[in-house]
Each structure stands twice: as structure tokens, then as C-alpha cells.
Amino acid sequence: MKCLLDATSVKVLARAIHCLAKIGDELHIEPTENGLTLKTVNASKSAYSAFNFHLPFFLDFCHISENTVHADPDEDTVIKCKLPMKSILSVFRSIGSLDKSVETCNITLPLLEALLIIEFKCKHGIVKHFNLRYFECESVEAEFCKSGYASKFSCSSRFYSETLLSFHSSTQEVTWSLAMDQVHLSNHIDDEVDPSKCVRTEVTLAKDEFVDFNVALCTQVTFCLKELRAILAFAEALKLNLDCRMEGAGQPVLFSLEKTDLYSADFLLATLTPALDSTATSSRTINNQKKNDVSTQSDVSKHSSPVPILRNKADSRTVSCANLQTTLMPNVPESPCHTSRLNSLSLIEPQRFPTMEDNLDFEMQPPPPKRARARYIFQNCLKATQEVREISCEVFAPDSEGDE
């Protein structure tokens, strides 16, 4: 792959990398015929982000990697790789200085060198050269359909940023309540926390504040605020509108932005799903639990889940958050207002370690006092240096006869 960018495009690319670095720890690079795609997935597999840079974004672009060792057009191929975020951030560290000093940027992915080569041609004839080691991998994709969401509303990113200023910086999750004429935002408080010791923040956005407002389903959705702040940091710097698509509780939220014919971005965030209602009797829950465990495997194969699927093309296995939730998580009765965290790729909770009382039948004796331990340690010092012991052993070197 070879691509050439001007100073303005380099600044946009740097902001995109900084945005992805706030979400995931690895950067996936995938050249295509239509441009360059940068992707990342966070550590908990609950957030997926992808930037698509189209051909007009570059001064020159070629998605095929040439064989630089032995020139052979038949061996040219497309490389899909990943590299740590820390290494790529060291190149695009300062966004402000890139716009002022860099004139052009040349990015190359050779076929046999396993290096991402980035070359900055700066003012006054200065050339900066970076070689980053990458790991070849298969692409990671999220299958979703933008037209399949019931509700969609669009607004300027600056308006969203000013709205989130009302929430404390330590707020981790925000609940969006959709109505036909407004959007209600509030900070999410877990059931374990005492409500009297928490600050409740609520903001109401009227329908007239949005550029486009189409809500077909009144619902309540809770998701993480960290990824949303990273999205708004990129969109606000470039003065872009942000589109939001929601379906319902437990369904992923899709944020998207687009610059005409230049680039686009999609951000898929997992949401909290409400737990089972505890109003049913305990006997009914216990009787139905075994039946559900057996029937869910057949039901999942028959009915397709509306939740987007994150897929790794390295193998043919696809994992859906809805499928994992029904097959791997046990049905435990909880309070109606309690919510359990939804993970887009993994819902396997860590197993509880068995307690010591369950495995050990004997009682643990308390340690001896310090004075008793001291007597035990120093009792050998008060004994004779040699102890007479009757030990039967074979003599290999008898006494000599001429010692008398």
C-alpha cells in the first residue's frame, strides 16, 4: 500500500488516530480499493470504531503492496495488519505542529519488510522517517445496518459537547430516554450505591434543537460515556454533525459522521440490558431454568438476532451478544430495576473461587505465640554439640594397625 497526503489531510488523520487511541489499544489498518480503513475494538469488546478514508482524501493512493525484494507483479497483495496504539501515537503526537510544519506525508506498507513506513516532508527541507513494526492479521468487522434502526436524530457535535459539560467528569455512564418530542439525558447510578450520597444530573433536549429528529420508539438506553467523549472530540474539532441511531435497551447504539466524499466514521457502542423481572415465583424460575438452557440453543439457530455481530475473519465462528447472553449466562432472579452490563463480544463472567469452608473440613489452628516460637528456634543451641546415636553403618576405611 502507498498513499500520499497533504498537510490538511495529515491533520485529520492524526485526529482520527487520537480518537481511536481513546477507545482501543490496537490499530487495525485495512487498505481497500475504495480507500483506507482504520479500526479498533476496546479491551472489553463493547465498543467498535472504524474510520473510512475515501480516494479523494489522498493525493495518491494504491492499496496493493509491492514486493520490494524481488519485483514480481504476481506476488503483489493487500496487507491487513495491526500495531500498538502507543507506537503510532509517537508519530502523530502533536496535532498542532503537524499542520504548521508538515507539507506532505507518505505512508507505505511493503510486502516483505513487515514495517509501516511513514515519511514526513517538512518545511526547510527536513524529512522525518519512521519505521513501525506491525503484525499481520485478519480484519475485524461489525455487521450492522443503518436503515434497521427505529430511531435516528442528528445534531451538531458542539451542542452535544455543551450538553455533556453538565455532567461531572467522573460520570461513567449516561442514560438516554427517547420521547416523541424530546431526549432526556441523566447519569446512570448503580443499585449498590446509596442514592442519598450521589449527585443526580438530568438534561432535557427539545426536538427543535436537533437538525434531524425521527423517533419511532420511546425507549431508554444506557451506555458508556468514555467512548462518546472521544467521538465528540474528533467531530467538534472538524465542526461535523453527529448522527445517532438507537433501537432499544440491550441493543447497540450507532454513532456516525461523514465529510462528503472525503471520509466517514462509524462507532458501535454496547448498552446495558435490563435483568429478568423478579416478580415471578421462585419455583417457576427454578423449573423453567433447565428448560431454557436446553431450548435456547435451538431457538438461537432458528431466529436471527437483531443485534449487530462482531466478526473476526480469521475463523468462521461468529459471536453475538444476544446468543451469548442466552447460552452462557445463568438465569438468576434479580430486582426489576437492576441492570446487567452487556458486552458485544464476551459475556462470560469470571467464576467465583470456592470458599475455604467448602473444601477444608479441619479447623485452622492459630499460630503459636512469639515466646513459644522463640523457645523452639533456640532449643538446639542449648544441646551438646555432638549427640551419641546408634547408627548401624558399614565401615569403608577401618583404623590403621600402627597407631599404638
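Residues numbered from 1 in each chain as written. Predicted model: local features only at pLDDT ≥ 70, side-chain atom pairs only at ≥ 80, totals over all residues. Heavy atoms only, no water.

- For the protein chain, an unreviewed UniProt entry supplies the name Cell cycle checkpoint control protein and the organism Daphnia similis.
- The Sequence similarities (unreviewed entry) field of the UniProt record for the protein chain holds the comment "Belongs to the rad9 family." (UniProt positions renumbered as here; feature names shortened; annotations may be inferred.)

## Here's the deal with the overall build of the protein chain
- The helix and strand inventory of the protein chain stands at nine helices and 24 strands.
- For the protein chain, buried positions account for 37% of its 404 residues.
- Taking all contacts inside the protein chain whose residues are at least 6 apart in sequence as the whole, residues at least 24 apart take part in 65%.
- About 24,900 Å² of surface is accessible on the protein chain, with carbon and sulfur atoms providing 51% of the total. (Helix = DSSP H or I, 4+ residues; strand = E, 2+ residues; numbered from the N terminus. Buried < 20%, exposed > 50% of the residue type's maximum accessible area, 1.4 Å probe, protein only. Contact = heavy atoms within 4.5 Å. Areas by Shrake-Rupley, 256 points an atom, 1.4 Å probe, with all protein chains shown as cover.)

## Some words on unusual backbone geometry
- Here Lys45, not a glycine, exhibits a phi torsion of approximately 60°, which is positive.
- Summarising the element assignment, Lys45 is placed in the loop between strand E3 (35–41) and strand E4 (47–54).
- If you check the backbone angles, Asp261 has positive phi at about 65° while not being a glycine.

## As for the packing of aromatic side chains
- Using the criterion set out here, one finds 20 aromatic pairs in the structure.
- Consider the rings of Phe53 and Tyr263, whose centres lie 6.2 Å apart with planes at 50°: the pair is tilted. Of this pair, Phe53 sits in strand E4 while Tyr263 sits in strand E20 (residues 263–269), placing them 210 residues apart in sequence.
- Take Phe53: its relative accessible area is 1%, and that puts it in the buried class.
- Classification of Tyr263 as buried rests on a relative accessible area of 4%.
- Summarising the aromatic geometry, the rings of Phe92 and Phe120 are spaced 5.7 Å apart at their centres and angled 80° between planes, so their arrangement reads as edge-to-face. Note that Phe92 is positioned in the loop between helix H2 (85–91) and helix H3 (95–101) and Phe120 in strand E8 (residues 115–122), a separation of 28 residues in sequence. (Phe/Tyr/Trp six-rings, centres within 6.5 Å; stacked < 30°, edge-to-face > 60°.)

## Considerations on helix H4 (residues 157–164)
- Counting buried positions along H4 gives six out of eight residues, so the element sits mostly inside the fold.
- Among the structural elements, strand E12 (151–156), strand E13 (173–178), strand E14 (182–187), strand E15 (202–206), helix H5 (225–237) and strand E18 (241–246) are those in contact with the buried residues of H4.

## Structural notes on the pairing of strand E1 (residues 2–6)
- Where burial is concerned, the two faces of E1 differ: the one with Cys3 and Leu5 is buried and the one with Lys2, Leu4 and Asp6 is not.
- Pairing analysis gives five bridges linking E1 to strand E7 (residues 102–108), with the strands arranged antiparallel. When the bridges of E7 are listed, Leu5 appears paired with Cys105.
- Two strands pair when backbone bridges link them, and E1 and strand E5 (residues 60–62) are joined in this way by three bridges, in the antiparallel orientation. Counted as the bridge partner of Leu4 is Asp60 from E5. (Pairing = 2+ DSSP bridges.)

## A few points about the sheet that holds E13
- Taken in spatial order, the four strands of this open sheet run E15-E14-E13-E17, and their pairing is antiparallel. Of all the strands in the sheet, just E15 and strand E17 (220–224) have a single pairing partner and so form its edges. The mean inter-strand angle of the sheet, taken between neighbouring strand axes irrespective of direction, is 20°.
- Here five bridges tie E13 to E17, and the two strands are oriented antiparallel to one another. Within E17, the residue paired with Thr175 across the bridge is Thr222. (Axes fitted to C-alpha atoms, helices over the stretch in contact; angles between N-to-C directions.)

## Details of the sheet that holds E18
- Here 10 strands make up an open sheet; going across it, the order is E10-E6-E2-E3-E4-E20-E19-E18-E12-E16 and the pairing antiparallel. Edge positions in the open sheet fall to strand E10 (135–136) and strand E16 (212–214), since each of these has one partner strand only.
- Sheet strands touched by helix H1 (residues 7–21): strand E2 (26–32), E3, E4 and E20. Its angle to E4, the strand with the most contacts, is close to 170°.
- Strand contacts of H4: E12 and E18, with the helix running at about 90° to E12, the strand carrying the most contacts.

## What about empty space enclosed by the protein?
- Under the counting rule described, the total for this entry stands at one cavity of 30 Å³ or more.
- Taken as a whole, the largest cavity holds about 100 Å³ of empty space.
- Lining the largest cavity are Met1, Leu13, Ile17, Leu27, Ile29, Leu36, Leu38, Ile88, Phe92, Ile107, Leu116 and Ile118.
- Secondary-structure elements contributing two or more residues to the lining of the largest cavity are H1, E2, E3 and E8.
- In terms of residue class, the lining of the largest cavity is built from 12 nonpolar, no polar and no charged. (1 Å grid on protein atoms, 1.4 Å probe; cavity = no way out; pocket = protein on both sides within 12 Å on 5 of 7 lines; lining within 4 Å. Points joined across faces, edges and corners; volume = space filled by probe spheres on them. Nonpolar A, V, L, I, M, F, W, Y, C, P; charged D, E, K, R; others polar.)

## Brief notes about the packing of H4 against H5
- Packing of H4 against H5 brings their axes to within 9 Å, and their N-to-C directions diverge by 135°. The orientation of H4 with respect to H5, classified from their angle, is oblique. In this structure, H4 meets H5 at a crossing whose hand is left-handed. Side by side, H4 and H5 meet where Ser157, Arg158, Tyr160, Ser161 and Leu164 of the first sit next to Leu225, Leu228, Arg229, Leu232, Ala235 and Glu236 of the second.
- When grouped by side-chain class, the residues that make up the contact of H4 with H5 number six nonpolar, two polar and three charged. (Parallel < 35°, antiparallel > 145°, perpendicular 65-115°, else oblique. Left-handed = near helix turned anticlockwise from the far one by under 90°.)

## Things to note about the confidence of the model for the protein chain
- Mean pLDDT over the protein chain stands at 75; residues scoring 70 or higher make up 65%.
- Across residues 68–75, where pLDDT falls below 50, the model places seven contacts with residues more than four positions away in sequence or in other chains. (pLDDT = per-residue confidence, 0-100.)

## Regarding the pairing of E20
- Of all seven residues that make up E20, seven are buried, and the element is covered over most of its length.
- Every second residue of E20 is oriented toward a common face, with Tyr263, Ala265, Phe267 and Leu269 on one face and Ser264, Asp266 and Leu268 on the other, all of them buried.
- Pairing analysis gives seven bridges linking E4 to E20, with the strands arranged antiparallel. Looking at the pairing, Ala50 lines up with Asp266 of E20.
- Bridge analysis of strand E19 (residues 253–259) against E20 gives seven bridges, and the strand direction is antiparallel. If you follow Leu257 over to E20, its bridge partner there is Ala265.
- Hairpin connection from E19 to E20: three residues lie between these consecutive antiparallel strands, with Asp261 at a positive phi of about 65°.

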